Amino acid sequence: MHDRAEARLADEIMRFFRLGARAKGMLNNGDLGAEFSALMLLFPLRFLGPMRVTDLAEAKQADPSTVSRQAAQLVKAGLARREADPGDGRASRLAITDAGLSACRKLHDAREAFLAEVLSSWPAERVDAFVELFIEFNTAVEAHLRNEPAAPPLRENA
């Protein structure tokens with residue numbers, strides 16, 4: 001029975017990825033001057049601060065050449081700027097601009113509004129339970145990818 005649950009979950013995760021690809025086009029974020037995938041680079045820049053493109057690629061687990069192309073889009077759109085790396089003057093880092101921070105807020109607000117609409121018919125306690133289980137799932141996946149033992153679930157039959 002446990003194997004069947006894992007198979008159903010695998011199917012639902014793939015379904016979620018397919019839906020996510022369609023849903024991102026529905027986010028009402030206006031034209032921010034760069035491709036959606038490039039815009040997603042703004043979030044680590046916002047939360048982690050300026051970084052080299054190679055470090056940004058590692059943070060996003062993406063190909064450095066792809067991230068470099070996306071970073072160029074952000075700079076051209078005025079959402080990020082290149083600045084000298086204080087640790088190595090020959091290198092540059094990418095830093096978010098005020099326009100980039102504004103774009104992050106727009107993207108975040110659009111994502112929240114979309115989820116609020118999707119979950120509007122759910123009772124609050126189901127939303128809360130789903131959030132907790134999703135956090136637990138993501139934490140277990142991250143631990144597994146780092147080859148660390150997963151923390152035991154916080155509760156049984158939630």
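Before going into details, it helps to say that this report is about the structure given with it. (Residues numbered from 1 in each chain as written. Predicted model: local features only at pLDDT ≥ 70, side-chain atom pairs only at ≥ 80, totals over all residues. Heavy atoms only, no water.)

Of regular secondary structure, the protein possesses seven helices and two strands. Ordering the α and β elements of the protein from the N terminus gives α-α-α-α-α-β-β-α-α. In the protein, which comprises 158 residues, the share counted as buried stands at 24%. A sequence separation of at least 24 residues applies to 49% of the contacts in the protein between residues at least 6 apart. Of the roughly 11,300 Å² that the protein leaves accessible, carbon and sulfur atoms contribute 56%. (Helix = DSSP H or I, 4+ residues; strand = E, 2+ residues; numbered from the N terminus. Buried < 20%, exposed > 50% of the residue type's maximum accessible area, 1.4 Å probe, protein only. Contact = heavy atoms within 4.5 Å. Areas by Shrake-Rupley, 256 points an atom, 1.4 Å probe, with all protein chains shown as cover.)

Applying the stated criterion across every chain yields a total of five aromatic pairs. Measuring from ring centre to ring centre gives 5.7 Å for Trp122 and Phe130, while their planes differ by 70°; the resulting arrangement is edge-to-face. Ring centres of Phe134 and Phe137 lie 6.5 Å apart, and the angle between their planes is 25°; on these two criteria the pair is classed as stacked. Linking Phe134 with Phe137, this pair stays in helix 7 (residues 124–145), spanning three residues, or about one helical turn. A relative accessible area of 36% means that Phe134 is categorised as partly exposed. Clustering of aromatic rings is evident, with ring pairs tying together Phe16, Phe17, Trp122, Phe130, Phe134 and Phe137. In this structure, Arg111 is placed above the aromatic ring of Phe43, and the distance from its NZ or CZ to the ring centre is 5.2 Å. (Phe/Tyr/Trp six-rings, centres within 6.5 Å; stacked < 30°, edge-to-face > 60°. Lys NZ or Arg CZ within 6 Å of the ring centre and 35° of its normal.)

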